[in-house]
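Examining the three-dimensional arrangement
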Amino acid sequence: MDPSHPDLKARNFPSAEEEALAVQPVSRYSGPESAYRLAFTDNEFLLRDELRPVRMQLELLKPELVQREQGIESTIVIFGSARILPLNVAARRYSDAEASGDAVAIARARMQVQMSGYYEEARRFAAIVTRESSRLDTPIHVVTGGGPGIMEAGNRGAYEVGGRSIGLNIVLPHEQEPNAYITPELCFQFHYFALRKMHFLMRSIALVCFPGGFGTLDELFETMTLVQTGKSRRRPILLFGREFWTRLIDFDWLIETGMIGPRDTELFHFVETAEEAWSCLSSHYGFDLPDTQTGKFAEDM
């Protein structure tokens, strides 16, 4: 037989997809009460409480397989508030507030304008990461939570320089819609927070955290805890905006009361600009050195 004969590589059994398409239940067993459907095509069965372990496995596996197929090996995670607005939107709201004469609304809108600077820095940082790492053998992809605010800024920055980026959305009562700048084949939706968090960190070479609320703090402290306890390898953790973070969290008091050790504050660094953040990463990984320009930095984390 010819070694290239197709029968040598032919499937011995039909694929699950072929079987699913082939099954045409006879009328007596086509009703919703029937158990005749294939288990893996039966949504009612898959959504049972008892199938939670299976759903969790699927939620871990799907993004893993897709990212492997898409060649995603190294990522930089950008966390931050969904409520931080682009500068033009914040400026328009400030003008509307001034026109209303409402002092509370004016103060709130003024703060939104001030905080919008972080949107622009996240956007510029993502663009720098995407553009500068494109020369590496293993490009670095920006990954965000996929929603508005800082997340949108991260995906937008990558998009505007012609790069791909990842969005890990999660089903919530609000902010469910993915922003418009995520690469479609890298836009995922999660039900379980824990599985989403795993995918944030599995390929990350750094965490870059902008001002945010409960969700941002949750993700930041979970990452720092994993590194502090040795459950995860060390990687750069950059906090944008020293004034915001030191006013929000009294790290010195945590040390003084013995809640953390003095060296625990070495787990993170404060930065103010996109260029400063990239410089920190370049120094850590040697991005600008000739012998690292084709390196695979994900393996060194």
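The preceding data block contains the structure.
This structure is a prediction, so every number in the text was calculated from the model and none was measured.

Re the overall build of the protein
The secondary structure content of the protein amounts to 11 helices and 7 strands. Each principal axis of the C-alpha atoms in the protein carries an extent, and together these give about 70 × 55 × 45 Å. Counting the 301 residues in the protein, one finds 43% classified as buried. Of all intrachain contacts in the protein linking residues separated by at least 6 positions in sequence, the fraction that spans at least 24 positions is 69%. As displayed, the protein has an accessible area near 17500 Å², and 54% of this comes from carbon and sulfur atoms.

Focus: the side chain of Thr-75
Mapped onto the elements, Thr-75 comes out in strand β1 (residues 74-79). The class for Thr-75 is buried, based on a relative accessible area of 2%. Apart from residues no more than four positions distant in its own chain, Thr-75 is found in contact with Ile-140, His-141, Val-143, Ile-166, Phe-200, Arg-203, Ser-204, Ile-205 and Ala-206.

Considerations on a nonpolar patch on the surface
Taken together, the side chains of Val-23, Tyr-29 and Tyr-36 present a nonpolar region at the surface, about 280 Å² in accessible area. Within the element layout of this structure, Tyr-29 appears in the loop between α1 (16-22) and α2 (43-46). Residue Tyr-29 is classed as partly exposed on the basis of its relative accessible area of 38%.

Observations regarding the sheet that holds strand β2 (residues 140-144)
Pairing between the strands of a sheet is mediated by backbone hydrogen bonds and can be parallel or antiparallel. With parallel pairing, the 7 strands of this open sheet are ordered in space as β4-β3-β2-β1-β5-β6-β7. Sheet topology places β4 (187-190) and β7 (269-271) at the edges, where each strand pairs with a single neighbour. Strand-to-strand twist of the sheet, defined as the mean angle between neighbouring strand axes without regard to direction, takes the value 25°. As paired elements, β2 and strand β3 (residues 165-170) share 3 bridges and run parallel to each other. Residue pairing in the sheet places Val-142 in a bridge with Ser-165 of β3. Against the sheet, helix α7 (residues 193-202) contacts β1, β2, β3, β4 and β5 (204-209), and its axis sits at roughly 165° relative to β3.

Quick word on the pattern of salt bridges
Inspection of every chain in the model, using the stated rule, returns 14 salt bridges. Its salt-bridge partner being Arg-124, residue Glu-121 comes within 3.0 Å of it at the nearest N-O pair. Note that Glu-121 and Arg-124 are positioned in helix α5 (residues 103-133) at a spacing of 3 residues, about one turn of the helix. Residue Glu-121 is classed as buried on the basis of its relative accessible area, which comes to 17%. Across the pair Arg-263 and Glu-266 runs a salt bridge, and its minimum N-O distance is 3.3 Å. Owing to a relative accessible area of 64%, Arg-263 belongs among the exposed residues under this scheme. The network of salt bridges with shared partners includes Glu-120, Arg-123, Arg-156 and Glu-160.

Reading the values: the criteria
- Residues numbered from 1 in each chain as written.
- Predicted model: local features only at pLDDT ≥ 70, side-chain atom pairs only at ≥ 80, totals over all residues.
- Heavy atoms only, no water.
- Helix = DSSP H or I, 4+ residues; strand = E, 2+ residues; numbered from the N terminus.
- Buried < 20%, exposed > 50% of the residue type's maximum accessible area, 1.4 Å probe, protein only.
- Contact = heavy atoms within 4.5 Å.
- Areas by Shrake-Rupley, 256 points an atom, 1.4 Å probe, with all protein chains shown as cover.
- Patch = residues over 30% accessible without salt bridge, like charges linked within 9 Å, V, L, I, M, F, W, Y side chains within 5 Å.
- Salt bridge = Lys/Arg side-chain N within 4 Å of Asp/Glu carboxyl O.
- Pairing = 2+ DSSP bridges.
- Axes fitted to C-alpha atoms, helices over the stretch in contact; angles between N-to-C directions.

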